[in-house]
Amino acid sequence: MSFAKALLLAGTVAQPAGDRCTALAGAERTAAAVPAGTRVPTGPSGGAVSLSGFCRVEGVLRPVAGSRIGYQLWLPAPGKWTGRFQMFGNGGYSAELPLGQMAAAVARGSAAIATDTGHSGDDPDFARGAPEAIVDWGWRGVHLSAVEGQRLTARYYGRAARYRYFAGCSTGGHQAMMEAQRFPDDFDGIVAGAPGANRVTLNAAFLWQFVTNNPTPGRPPLLDASDLKLLQDHALATCHTANGAAAGGLAADGWLNDPLGCRPDPAALLCRPGGTGDCLTAAQVQAAAAMYRGATDPRTGKRVTLPWLPGSEAGWAAYWADPRQPDQPARANFWRLWTGYGDRWQPSKFDWGRDLAAARTRLGPVIDAVDPDLDGFRRRGGRLLQYHGLADPVVSPLDTIAYRDAVARRTPKLSAWNRLFLVPGMGHCAGGPGFWRFDAQTAIERWVEQGQAPDRLVAGQAAGTATRPLCPYPQRARFRAGPTDAADSFVCEAPLSRASAGTPRRD
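Note that the structure is a prediction, hence the values are computed from the model and not measured. (Residues numbered from 1 in each chain as written. Predicted model: local features only at pLDDT ≥ 70, side-chain atom pairs only at ≥ 80, totals over all residues. Heavy atoms only, no water.)

**Looking at the overall build of the chain**
Phase 1: In terms of helices and strands, the chain carries 13 helices and 15 strands.
Phase 2: In terms of overall size, the chain behaves like a compact globule, its C-alpha atoms giving a radius of gyration of 24 Å where 507 residues would be expected to give roughly 23 Å.
Phase 3: Considered along the principal axes of its C-alpha atoms, the chain spans approximately 80 × 60 × 50 Å.
Phase 4: Looking at the chain as a whole, 57% of its 507 residues qualify as buried.
Phase 5: Nonlocal contacts in the chain, meaning residues at least 24 apart in sequence, comprise 68% of its contacts between residues at least 6 apart.
Phase 6: Put simply, the chain shows about 20900 Å² of open surface, and 52% of that area lies on carbon and sulfur atoms.
Phase 7: Side chains of the chain give 54 positive and 44 negative charges; the mean places of these two sets differ by 4 Å. (Helix = DSSP H or I, 4+ residues; strand = E, 2+ residues; numbered from the N terminus. Rg over C-alpha atoms; globule rule 2.2 N^0.38 Å. Buried < 20%, exposed > 50% of the residue type's maximum accessible area, 1.4 Å probe, protein only. Contact = heavy atoms within 4.5 Å. Areas by Shrake-Rupley, 256 points an atom, 1.4 Å probe, with all protein chains shown as cover. Lys, Arg positive; Asp, Glu negative; His and termini not counted. Charge placed at Lys NZ, Arg CZ, Asp CG, Glu CD.)

What follows is the structure, encoded as structure tokens:
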């Protein structure tokens, strides 16, 4: 039986807490007991969690005309509840709920909630004729679902949650940062991974990659997947020797432990007359160099988007063109609908000064989470754990670093409540050759509940038993002595390279 079918049948199954569960139903809210033994898939790998009986609440919030925010709240049986309330973020522009994460949380005894952020689908075109959906996606859906979920949790158990957590990566990390900045009372502990929080600028960075690679509309792009792999191999060859020394890690690591200090020159790959082998044309070299620099305002020469780091090049193509329409940029509807440029908007006509500034002015206050003022969250005792893969080809780690540095400039003793872990060799949120399997949730719970700040996170690779510590920024993991496959053989010490991120935030 499918999980969806099991949920439909669950309302007919008697459960010990069934009456308490069904009492949560309301005008736009259903509540039903889900039978013990229901299995919930945890991801594409085929794994599943078998759950004890729990209460599933599904509701809709309509805070203003034109807004319809859906959510699900899963409540473990009263005798199994740990007193924790856990919310999970979304991915991209998708309305899909992270049911696998919710199931894992319920199995640990946490009440779990997620929201569709006020729309259906996974493309920014959900905002066509629905301007309130942008506000719901930007901040309102998560905040109001969190408030409603905590209210219903307290009603179900007869007491409020003792500890409240939010965890998300990518757009989920964006939502995490929005909560810390706008609604510091919503959560006690927040885990923000690879936050696409500087959202207008992030979409502009994708657009820069596209127009740089497609300078002549109607003609094939300059760089393809094999060219990007060539650039990445060149970056590894250029900077790999720092591994095991200044960059930390081991000399044999097949990734860059410190790409912040890497400066590959694509001109070294220029095809020579009569030469053979893999190389780039002059136009391709010029495009690659522009991508490594980031977009600039042609009037001022000031950089307005941050580039991605060396070692991530092979993944750049995922977000520079729409896979369904390769002659169009990724997220084209963001520019056509959200910014109001209209269906006739052409990426080749984008003005990196005026148009980007106008988009920031219009959308920034609604969807950007870039305010470095986290004093409200800090004062009420909140704890913020951030992480970002250094080989991330989707959200630049430079943006996360620039934001944290901005917070540090205004907040003393930042590490007492906010720590950032950079993950060498990890792609976007997960994956890659490095050590990227780690338990941020347990770390944030120990920090909030026991006052144990995470001095390191022990991480594993996709397969095998080797472990390596992830160190709080700006430290790096340096091998000291012992087995090279054991985290205890490494120490965390400064410094990683301090890149000149030069944030192009809100000029």
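Back to the text.
**Regarding unusual backbone geometry**
Phase 1: Residue Pro474 is bonded to the preceding Tyr473 through a cis peptide linkage, with omega at 10 degrees.
Phase 2: In this structure, Pro474 sits in the loop between strand 13 (467-470) and strand 14 (476-479).
Phase 3: Unlike most non-glycine residues, Lys413 shows phi in positive territory, near 50 degrees.
Phase 4: Assignment of secondary structure puts Lys413 in the loop between helix 12 (397-410) and strand 11 (418-423).
Phase 5: Its relative accessible area of 74% is what places Lys413 among the exposed residues.
Phase 6: In this structure, Cys429 takes a positive phi of about 75 degrees despite not being glycine.

**Some points on the packing of helix 6 (residues 199-213) against helix 10 (residues 354-367)**
Phase 1: At their nearest, the axes of helix 6 and helix 10 sit 8 Å apart, and the two run at 135 degrees to each other. Classed by the angle they form, the pair helix 6 and helix 10 counts as oblique. Here Arg199, Val200, Thr201 and Ala204 of helix 6 come into contact with helix 10, specifically with Leu356, Ala359, Arg360, Leu363, Gly364 and Ile367.
Phase 2: Looking at side-chain class alone, the contact of helix 6 with helix 10 contains six nonpolar, two polar and two charged residues. (Axes fitted to C-alpha atoms, helices over the stretch in contact; angles between N-to-C directions. Parallel < 35°, antiparallel > 145°, perpendicular 65-115°, else oblique. Nonpolar A, V, L, I, M, F, W, Y, C, P; charged D, E, K, R; others polar.)

**A short note on the pairing of strand 1 (residues 29-34)**
Residues in a regular strand point their side chains to alternate faces of the sheet.
Phase 1: Most of strand 1 sits inside the fold, with five of its six residues counted as buried.
Phase 2: In this structure, strand 1 lies alongside strand 4 (residues 54-61), joined through six bridges in antiparallel fashion. Note that in strand 4 the partner of Arg29 across the bridge is Gly59. (Pairing = 2+ DSSP bridges.)

**Observations regarding the pairing of strand 7 (residues 111-115)**
Phase 1: Across the five residues of strand 7, five count as buried, placing the element largely inside the fold.
Phase 2: Both faces of strand 7 are covered, namely the face carrying Ala111, Ile113 and Thr115 and the face carrying Ala112 and Ala114.
Phase 3: Pairing between strand 5 (residues 69-76) and strand 7: four bridges, direction antiparallel. Bridging from a neighbouring strand, Tyr71 pairs with Thr115 of strand 7.
Phase 4: In the sheet, strand 6 (residues 84-88) pairs with strand 7 via three bridges, with the strands oriented parallel.

**Regarding the nonpolar core**
Phase 1: Counting 46 residues, the largest nonpolar core has Trp338 and Trp352 as the members making the most contacts within it.
Phase 2: Ranked by residue count, the leading element in this core is helix 6, at nine residues.
Phase 3: For this core, the domains that each give at least three residues are domain 1 (31-200 + 367-493) and domain 2 (202-333).
Phase 4: In this structure Trp352 touches Ala204, Leu207, Trp208, Val211, Ala295, Thr296, Asp297, Pro298 and Val304, once residues within four positions along its chain are discounted.
Phase 5: Of all hydrophobic cores here, the second largest spans 38 residues; its members include Ala161, Ala176, Ala192 and Phe377. (Core = buried A, V, L, I, M, F, W, Y, C linked by side-chain atoms within 4.5 Å. Domains from an automatic or database assignment.)

**Thoughts on the packing of aromatic side chains**
Phase 1: In total, this model carries 22 aromatic pairs according to the counting rule given.
Phase 2: Centre to centre, the rings of Phe479 and Phe490 are 5.4 Å apart; their planes meet at 70 degrees, and the pair counts as edge-to-face. On the criterion of sequence distance, the pair formed by Phe479 in strand 14 and Phe490 in strand 15 (residues 490-493) is long-range, its members being 11 residues apart.
Phase 3: Among the residues examined, Phe490 registers a relative accessible area of 1% and is labelled buried.
Phase 4: An aromatic cluster of three or more residues is present, and its members are Tyr93, Phe126, Trp137, Trp208, Phe334, Trp335, Trp338, Tyr341, Trp345, Phe350 and Trp352. (Phe/Tyr/Trp six-rings, centres within 6.5 Å; stacked < 30°, edge-to-face > 60°.)

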